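# Fold and contact review
Given next are the chains, with one letter for each unit.
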Amino acid sequence: MNPDTLAPLTLAPLTFGMLVFDEVEVLDMGGPFEVFSTAGRLARTAADEPLLRVVTVAAAARPVRARGGLRVVPDHTLDEDPPFDVLVIPGGVTTAVEEDAQVIDWLARRHKTSALTFSICTGAFLLAATGALNGRPATTHWEDQDELAARWPDIRVRRDVRWVDDGDIVTSAGISAGIDASLYIVGRLYGAELAHSTARQMEYVWSQ
């Protein structure tokens, strides 16, 4: 779907809650963060606050080390359970996180209370582990699509797409596709003009 054809769903401020973890893919995390925070700089409330803001959440109160060694200090922990409207699940090396019952239980609960859940790349594996993708279309990085389909055969894995919008869940393909899907989400929530203005501000050629 093209955001040019969509009317904005809201003009209310929204907070995006992003899970971060050791071996998270830097662009899976940083790309959507940049899109949503840039949109928040461009779209302001009457009190000159951002319409969109991002908070990061991790399992423990310590820096996480992303792929390549980048250290990220999370804003909150799972126990703090901050309020937010949109759940964002980046990918990376997710094996250890999939086996962390505390994280998976938190994701399952926050998916149910969020207006929208957005996974990037292999973040789809974490969302699949909650059961939220059963019987639904989804995508992930091209080299992980066969594994996603084999491990969760009830998921209707979509190939050769940048993202899949299934209402309350949006999943994207790998890494840079998360930027394209994030811009799509901005357009879906706030209208095409803000999405295109955000891409232009980022000097990003948007693959729609």
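Computed from a prediction, not measured in an experiment: that's the story for all the values here. (Residues numbered from 1 in each chain as written. Predicted model: local features only at pLDDT ≥ 70, side-chain atom pairs only at ≥ 80, totals over all residues. Heavy atoms only, no water.)

## Focus: the layout of surface pockets
Condition: Only protein atoms enter the 1 Å grid used here, on which a cavity is any set of points holding a 1.4 Å probe that cannot leave and a pocket is any open set flanked by protein within 12 Å on both sides along at least five of seven lines; residues with an atom within 4 Å of a point are listed as lining. Grid points are joined across faces, edges and corners, and a volume is the space filled by probe spheres set on the points. Classification used: nonpolar for Ala, Val, Leu, Ile, Met, Phe, Trp, Tyr, Cys and Pro, charged for Asp, Glu, Lys and Arg, polar for all others including Gly.
The computed volume of the largest pocket comes to approximately 210 Å³. In this structure, the largest pocket is lined by 14 residues; those nearest its centre are Phe21, Asp22, Ala59, Arg62 and Val97. Tallied by class, residues from the lining of the largest pocket come to 11 nonpolar, no polar and three charged.

## Thoughts on helix α3 (residues 101-113)
So the rule is basically this: Strands are runs of DSSP state E lasting at least two residues, helices are runs of H or I lasting at least four, and both sets are numbered from the N terminus onward. Here the expected span of a helix is defined as 1.5 Å times the quantity of residues minus one. For the exposure calls, accessible area comes from a 1.4 Å probe over protein chains only, and a residue counts as buried if that area is under 20% of its type's maximum, exposed if over 50%, partly exposed in between. Counted as a polar contact is a pair of N or O atoms within 3.5 Å, where, for protein atoms, one must be capable of donating a hydrogen and the other of accepting one, and residues adjacent in sequence contribute only when both atoms are in side chains.
Its 13 residues give α3 an end-to-end C-alpha distance of 18 Å, which sits within 8% of 18 Å, the value for a rise of 1.5 Å per residue. For α3, the complete set of buried residues consists of Val103, Ile104, Trp106, Leu107, Ala108, Arg110 and His111. Sitting at the head of α3, Asp100 places a side-chain oxygen 3.1 Å from the backbone nitrogen of Gln102.

## Digging into the nonpolar core
Quick note on the threshold: Only buried residues count toward a nonpolar core, which is a set of Ala, Val, Leu, Ile, Met, Phe, Trp, Tyr and Cys residues joined through side-chain atoms within 4.5 Å.
Phe16, Phe36, Leu52, Leu107 and Ile185 are the most contacted members of the largest nonpolar core, which totals 62 residues. Tallying contributions element by element places helix α6 (residues 177-190) first for this core, with eight residues.

## A word on the pairing of strand β6 (residues 86-89)
For a regular strand, side-chain orientation follows a simple rule: the groups alternate between the two sheet faces. So the rule is basically this: Note on pairing: DSSP must find at least two bridges between two strands before they are called paired.
Where burial is concerned, the two faces of β6 agree: the one with Val86 and Val88 and the one with Leu87 and Ile89 are both buried. Pairing of strand β1 (residues 14-19) with β6, which is carried by three bridges, proceeds in the parallel orientation. The residue of β6 that forms the bridge with Gly17 is Leu87. Taken together, the four bridges between β6 and strand β7 (residues 116-120) define a ladder with parallel strand orientation. When the sheet's bridge partners are listed, Ile89 is paired in β7 with Ser119.

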